[in-house]
Amino acid sequence: MPVEFLSDEQAAAHGRFTSAPTRTELERHFFLDDADRRLVAKRRGDHNRLGFALQLVTVRFVGAFLADPVDVPIGVVDYVADQLDIADASCVKQYAQRAGTHREHAGEIRRAYGLRDFAEAEDALAVWVTDRAWTTGDGPTAIFTDATAWLREHGVLLPGVSTLARLVARVRQETYERLWQLLHDLLSTQQRLILNVLLEVPPGARVSELERLRKGSTKASGPAMVKALERVVEIASVGMGGIDTSAIPPRRLAELARYGLTGKAPAIKRHPPVRRLATLLATVQVLEAKAIDDALELLDVLMTGQLLARAERESAKEKLRTYPRFSRASATLALAVEVLLEASEYGEDLTLEQVWESIDAVVPRGQLRAAVEAVTDAAPPPDADPDGQWRALLTEKIAVVRSFLPLLTSAIAFGATAEGEPALEAMRALPTLINRAGRRKIKAAYLPADGIAEEVVTGEWKRLVHRKDLPEGLVDRAAYVFCVLEKFHRLLRRRDIYALGSSRWSDPRAHLLAGQAWQAAKGPVLNTLGLPEDPEPLLAAHAAALDEAYTDVAGRLTDQTAVSVDAEGRLHLAHLEAVEEPPGLIDLRKRLQGMLPRVDLPELILEVMSWRPGFTAAFTPVSGGAARLESDLHVTIAACLTAHALNITYAPIISPGVAALTRDRISHVDQTYLRPETYSPANASLIEGQAGIGLAQAWGGGLVAAIDGVRFVVPVPTICARPNPKYFGRRRGAQWLNMINDQGVGLGAKVLSGTPRDSLHVIDVLYGRDGGRAPEVIITDAGSYSDIVFALIHLLGRKFRPVLADLPDHKLWRFDPGADYGPLNTAARGKIDTVAIRRHWDDILRIVASIHTGAVRAHDVIRMLQREGHPTPLGNALAHYGRIFKSLHVLTYVDDEPYRRDIKAMRNLQEGRHDLAKHLFHGRKGELRHAYQTGMEDQLGALGLVLNCVVLWNTVYLDTALQTLRAQGHHVADEDVVRLSPFMRRHINVHGHYSFHLPDLGGGRRALRDPDAADTEES
């Protein structure tokens, strides 16, 4: 079979050294242990001992014996020679002079270490590749790379590149054919006919039925809601939702569906029947859930943005409008009341007529009566709901919802918890109740009182639904409709009502591990996270740690100048003063900026691609096959990434005379190769590359991460953006919540509609990282903080260190209410409810395991654990557990200045990345112009990749520049190096016409500039 999925460079790198190993790799793979040394010591002569050792470490690292055993990087030779105390490493040249010797040595190494030929392990590898391809759907290059790692781990010598590539290609193709056949065989003859019709273009139409159904609404309105629900019904009527595809790995279904959701109908139609129908089945099943998600997302936007928010704004405006009249009337009444209060001091002989005379002398009676009427009209009754006014205004919008109410519960199958069941039943009964009122010839403004669900009519809605001026036996129709709809929507948002066929609005409880699945996962997960089934020892250890922290901090409080306790026992912390930058750092930063080579952004991306073959190899076609564009595919991918990251059109990057840069090809590659499923492995390659650079290792070990968001205005009509006047003015926007580690590289991200609290999504971003070491410390801003998030992050084996805003308002918690913590006694006024923690410990463990294994999303769980801003009993238990770590964090934060500075440094690092992101994303006013979530994810995912390309490129050249400065005799202080930033940008061109020609660097690097030379281009 052809092996065209490997580039010439990748094929040539198989079983060979492609570059000099890093110091970390040398120490990990090329270190000779005692057994190695004993075997090497049997050789006679330095050249034989060194040559034998080189063969040993080479086969360990690359998985094969080299035809020329000394064709290894000089750094490897020197490292091994140093271990063997061989002063003259050049003696190894003698080793290659007799071929028989190194062949004999290779055989001896094979026997000593049990290395096997590929033929002995071929069947086992084929099984592994089959399982990998079946469960993940990864591209052939990724599987090929990991297959070589599998062979090395199992002591199998690498075969020739064509042999291994053919095996991967064959097995992967077999799994695809198996997948297509399984899905095809699930279909009846009638269903196959129905699916094929979806690819046809009806008479008079411009697109196929499939392409029409793929497109959802982008405007929030009543008619748009009707169309969204009709789309749900139409897709469900195709009849594919009932087909059981549980035997297919979810990732494989999603991969097929992604192709069906983005590919053009003629391209899908050209596939053989088995593959075509399998693709369509997966697409329609995913499309059913997506249509429900889209409809409910639209309902949420309509309710929160168009109805509730607008009613609240109008209510506020009305209050402002009536305020002058209300204040004047209140002042008039105050004068009269003041007279009454004075009259009460005159004694019992005062008559009512005398009182009125006194009042009339101050305020005429007619004016007083008018003031009473004005205050009565403006002020709500004493027992009224504070939100009653906007609810009354909401009822005036009945025309907006009237059209879609009959469809909502008939188009979408809903379920509910016991708490949500009454509202769901009321919503289901609403269309029947309205029709019944019509048959009884009741006026359109009313409904029969005997048909409403009284249990859902609570609070201010009672007064609005049962207005006193209504005819007997009737209620206000608009008020009751909005009463039911508002409660339905509120319960839907917290998932007490859920959509059965949805993915985003489904019941998170149904996804929690239970039964056999929970029992199977329980042991391994608890062992991994270090959690006991019995919480007693754990709570005892936490109690001791917290008590010790209180005692230590209280004892040092009098010596602290930055911390104070006010008369009410509240903690105050002085502003953290910036550390002055030493002259040496300022000079070093200036010199390095002057040494970095000037480069166009596309050339920078191409150069990174040349360093990291896995980056380019990650981009596979959405159809799942091998790449059909063999010539300069990497150039076109770089062009697409450039356009997305700079937020520009294709016009500046098109070169009509260059095949890789024509508009059609760029558009094709953009639609076919760029998507989240390819971004993730591509980013993993960049993360790995950054981790291997000495300078990045000086910045950190990759175990500390910060999570925060970048906000973008979205000026196009969409349901995937929300309002926030603080960030978006009068428009709507979206947020790119992203994670960066202490080596300056982005680990992953999530696109959010509007600006929801980060605390709902931090854990999802943490668990959705693309690669790199799992962070052990998580730093966020204050918006990501909650007691429940504290608990979950620590239970998941991480440390949570959010920035603390409004420190005096933070309540601290303790185990022992009788303990004396001196000046901290008032601040530590809360008591940890260990009874609640113990009572719910099993459920807490099940939730943590469900999140850790990916069975449920963390933000769904966090929503589930709260009711109207208050935690459920289980949520309360989790919150109390989280307060242990919150209190420890606050105590350390106020007591330890380096702790605060470390948090500040990570926040500054992330702000630097965000600033670079805004600098790159300069086109079209820096606005995100996509109406659909997938478009936003595709573009911002590309921005994240390009940011990491810039970081990796900068770090490589900064590292080279530092080595050059040291070699030239410049003093470079280590404490200055750790304060350098990988986000320098003045040397990178992001404006104008862009060059996609990578100069021939001969496998090396660009020449550094002279920092002392005059630079007329510097801005």
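Look a little higher up for the structure.
Criteria and thresholds
Residues numbered from 1 in each chain as written. Predicted model: local features only at pLDDT ≥ 70, side-chain atom pairs only at ≥ 80, totals over all residues. Heavy atoms only, no water. Helix = DSSP H or I, 4+ residues; strand = E, 2+ residues; numbered from the N terminus. Buried < 20%, exposed > 50% of the residue type's maximum accessible area, 1.4 Å probe, protein only. Contact = heavy atoms within 4.5 Å. Areas by Shrake-Rupley, 256 points an atom, 1.4 Å probe, with all protein chains shown as cover. Lys, Arg positive; Asp, Glu negative; His and termini not counted. Charge placed at Lys NZ, Arg CZ, Asp CG, Glu CD. Patch = residues over 30% accessible without salt bridge, like charges linked within 9 Å, V, L, I, M, F, W, Y side chains within 5 Å. Salt bridge = Lys/Arg side-chain N within 4 Å of Asp/Glu carboxyl O. Pairing = 2+ DSSP bridges. Expected span 1.5 Å × (residues − 1). Polar contact = N/O pair within 3.5 Å; in protein donor to acceptor, adjacent residues only side chain to side chain. Core = buried A, V, L, I, M, F, W, Y, C linked by side-chain atoms within 4.5 Å. 1 Å grid on protein atoms, 1.4 Å probe; cavity = no way out; pocket = protein on both sides within 12 Å on 5 of 7 lines; lining within 4 Å. Points joined across faces, edges and corners; volume = space filled by probe spheres on them. Nonpolar A, V, L, I, M, F, W, Y, C, P; charged D, E, K, R; others polar.

> Would you mind showing me how to read the overall build of the chain here?
Counting secondary structure elements, the chain contains 43 helices and 18 strands. On the principal axes, the C-alpha backbone points of the chain span a range of 130 × 80 × 65 Å. Classification of the 1019 residues of the chain by burial places 51% in the buried group. Excluding contacts between residues fewer than 6 apart, the proportion of contacts in the chain whose partners are at least 24 apart in sequence is 77%. Entry remark: accessible area of the chain is about 46,600 Å², with carbon and sulfur atoms responsible for 52%. In the chain, which carries 122 positive and 128 negative side-chain charges, the distance between the mean positions of the two groups comes to 6 Å.

> In this structure, what is going on with unusual backbone geometry? I would like to understand it.
For residues other than glycine, phi is negative in most cases, and the peptide bonds are mostly trans. Even without a glycine there, the phi angle at Arg495 is positive, about 65°. Residue placement: Arg495 occurs in the loop between α23 (477-493) and β4 (497-499). Using a relative accessible area of 4% as the deciding quantity, one classes Arg495 as buried. Of note, Asn647 is a non-glycine position whose phi angle comes to about 60°, a positive value.

> Can you help me understand a negative patch on the surface in this one?
A contiguous patch of negative charge on the surface is contributed by Asp547, Glu548, Asp552 and Asp816. Inspection of the secondary structure puts Asp816 in the loop between β14 (813-814) and β15 (830-831). You can call Asp816 partly exposed: its relative accessible area is 42%.

> Before we go on, may I ask you to explain the pairing of strand β8 (residues 704-714) in this structure?
Moving residue by residue along a regular strand, the side chains alternate between the two faces of the sheet. Within β8, nine of the 11 residues are buried, which leaves the element mostly enclosed by the surrounding structure. Sheet analysis places β8 next to strand β12 (residues 777-780), joined by four bridges and oriented parallel. Of the residues in β12, the one forming a bridge with Ala706 is Ile779. Here β8 pairs with strand β10 (residues 732-741) via 10 bridges, running antiparallel. When the sheet's bridge partners are listed, Ala705 is paired in β10 with Asn741.

> Help me out: how do you make sense of helix α12 (residues 222-236) in this one?
Given 3.6 residues per helical turn, the α-helix brings residues three or four places apart onto the same face. Spanning 15 residues, α12 covers 21 Å between terminal C-alpha atoms, matching the ideal 21 Å at 1.5 Å per step. Every buried residue of α12 is listed here: Gly222, Ala224, Met225, Val226, Ala228, Leu229, Arg231, Val232 and Ile235. Two to three positions downstream of the cap, the backbone nitrogen of Ala224 sits 3.2 Å from a side-chain oxygen, assigning the N-cap of α12 to Ser221.

> In this structure, what is going on with helix α42 (residues 933-967)? I would like to understand it.
Spanning 35 residues, α42 covers 51 Å between terminal C-alpha atoms, matching the ideal 51 Å at 1.5 Å per step. Among the 35 residues in α42, 26 count as buried, and that is most of the element. The positive-phi residue at the C-terminal boundary of α42 is Gly969, with phi of around 95°.

> What exactly am I supposed to notice about the nonpolar core here?
The tendency in soluble globular proteins is for nonpolar side chains to be buried side by side. Grouped together as the largest cluster of nonpolar side chains are 264 residues, with contacts concentrated most on Tyr480 and Leu641. Not counting residues within four places of it along the chain, the set of residues in contact with Tyr480 comprises Ala426, Leu430, Leu433, Leu447, Ile452, Ala453, Val457 and Val465. Among the nonpolar cores identified, the runner-up in size contains 30 residues, and Phe52, Val59, Val62 and Val92 belong to it.

> Just checking my understanding: could you explain empty space enclosed by the protein for this structure?
Over the atoms rolls a probe the size of a water molecule, and its path tells where empty space is left. For the structure shown, the criterion picks out one cavity of 30 Å³ or more. Of the voids in this model, the largest cavity is the one considered here, and its volume is about 40 Å³. Together, Gly569, Arg570, Leu571, Leu807, Pro808, His810, Ala827 and Arg829 line the largest cavity. Among the residues making up the lining of the largest cavity, the classes are represented as four nonpolar, two polar and two charged.

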